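Listed below are the residues making up each chain.
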Amino acid sequence: MPEGTLALTWNTRDESTSFARRLGSLLQRVQPVPGHGDWATRSVTAVADCALFGPLGYAEFSLVQHITRDQLVRLVASRSYVIALPEARRAELLDEVGRLFDANADFVTERGSGELSVALPYRTQCWRTVRR
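Described in the following lines is the structure provided in the data block.

1. Let's talk about the packing of aromatic side chains
Stage number 1. The full count for this structure, using the stated rule, is two aromatic pairs.
Stage number 2. With a centroid separation of 5.0 Å and 50° between ring planes, the pair formed by Tyr58 and Trp127 is classed as tilted. Highlighted residues: Tyr58 in strand β2 (residues 57–67) and Trp127 in strand β4 (residues 116–130), separated in sequence by 69 residues.
Stage number 3. For Tyr58, a relative accessible area of 43% puts it in the partly exposed group.
Stage number 4. The structure contains a cluster of three or more aromatic residues connected by ring pairs, namely Trp10, Tyr58 and Trp127.

Below, the structure is given as C-alpha cells:
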C-alpha cells in the first residue's frame, strides 16, 4: 500500500489564566461528561500502538484569541452540549458567561476597532506519522 501521512491536531483551551479556568468551570458544570486533561490521549495512543504507522512526531503551539463579549457568548452558545440545554438553563449560562467577561476588566484590552476583548489562550497539539 502507498505511504501516506496522518496528522492529528487538537486545539484546546489553555486554562493557565484565571479567566480561562473560570470559563472552563462554567462549561464543565453543563457538560454531560466533563473532559479533563489531554482529550487526544486515546486517539494518539491508538495510532502509536498500530503497526500500520511509524513513530509519531509531536509539536505544540500556543495561541491567544482576543475575543469580544458577543463573540465569547456566541462561542459558548455554539457548543453542542449548550445547544441541548433547556432554554432557561442555556440563557442562564450565557448570562453567566457575559458577566464573567464583564468582571474581568484586568484581562480586557482595547483592540484596533475600539472593541473590548478578553485574551482566551489555547494550546494546539499536533502529532504526525507516516504509514508504513
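Let us keep going from here.
2. Some words on the pattern of salt bridges
Stage number 1. Summed over all chains, the structure comprises seven salt bridges.
Stage number 2. Between Arg13 and Glu15 there is a salt bridge, with its nearest N and O atoms 3.0 Å apart.
Stage number 3. A salt bridge links Glu96 to Arg29; its shortest N-O distance comes to 2.6 Å. Note that Glu96 is positioned in helix α5 (residues 87–102) and Arg29 in the loop between α1 (18–28) and α2 (41–49), a separation of 67 residues in sequence.
Stage number 4. Linked through salt bridges whose partners overlap, the residues forming this network are Arg29, Arg89, Glu92 and Glu96.

3. With respect to the environment of Ala84
Stage number 1. Relative to the assigned elements, Ala84 resides in the loop between α4 (80–83) and α5.
Stage number 2. Judged by relative accessible area, which is 65%, Ala84 ranks as exposed.
Stage number 3. Once the C-alpha coordinates of Ala84 and Val30 are considered, the two residues, 54 residues apart in sequence, prove to be 9.9 Å apart.

4. Considerations on the environment of Val82
Stage number 1. Structurally, the position occupied by Val82 is in helix α4.
Stage number 2. In this structure, the C-alpha to C-alpha distance between Val82 and Leu27, residues 55 residues apart in sequence, is 8.5 Å.
Stage number 3. The contacts of Val82, once residues within four sequence positions are left out, are Val30, Val76, Ala77, Arg90 and Leu93.

5. Here we look at the side chain of Asn104
Stage number 1. Looking at where Asn104 falls in the secondary structure, it is placed in the loop between α5 and β3 (108–110).
Stage number 2. Among the polar contacts made by the side chain of Asn104, one reaches the side chain of Arg22 at a distance of 2.9 Å.
Stage number 3. In this structure Asn104 touches Phe19 and Arg22, once residues within four positions along its chain are discounted.

Criteria and cut-off values
- Residues numbered from 1 in each chain as written.
- Predicted model: local features only at pLDDT ≥ 70, side-chain atom pairs only at ≥ 80, totals over all residues.
- Heavy atoms only, no water.
- Phe/Tyr/Trp six-rings, centres within 6.5 Å; stacked < 30°, edge-to-face > 60°.
- Helix = DSSP H or I, 4+ residues; strand = E, 2+ residues; numbered from the N terminus.
- Buried < 20%, exposed > 50% of the residue type's maximum accessible area, 1.4 Å probe, protein only.
- Salt bridge = Lys/Arg side-chain N within 4 Å of Asp/Glu carboxyl O.
- Contact = heavy atoms within 4.5 Å.
- Polar contact = N/O pair within 3.5 Å; in protein donor to acceptor, adjacent residues only side chain to side chain.

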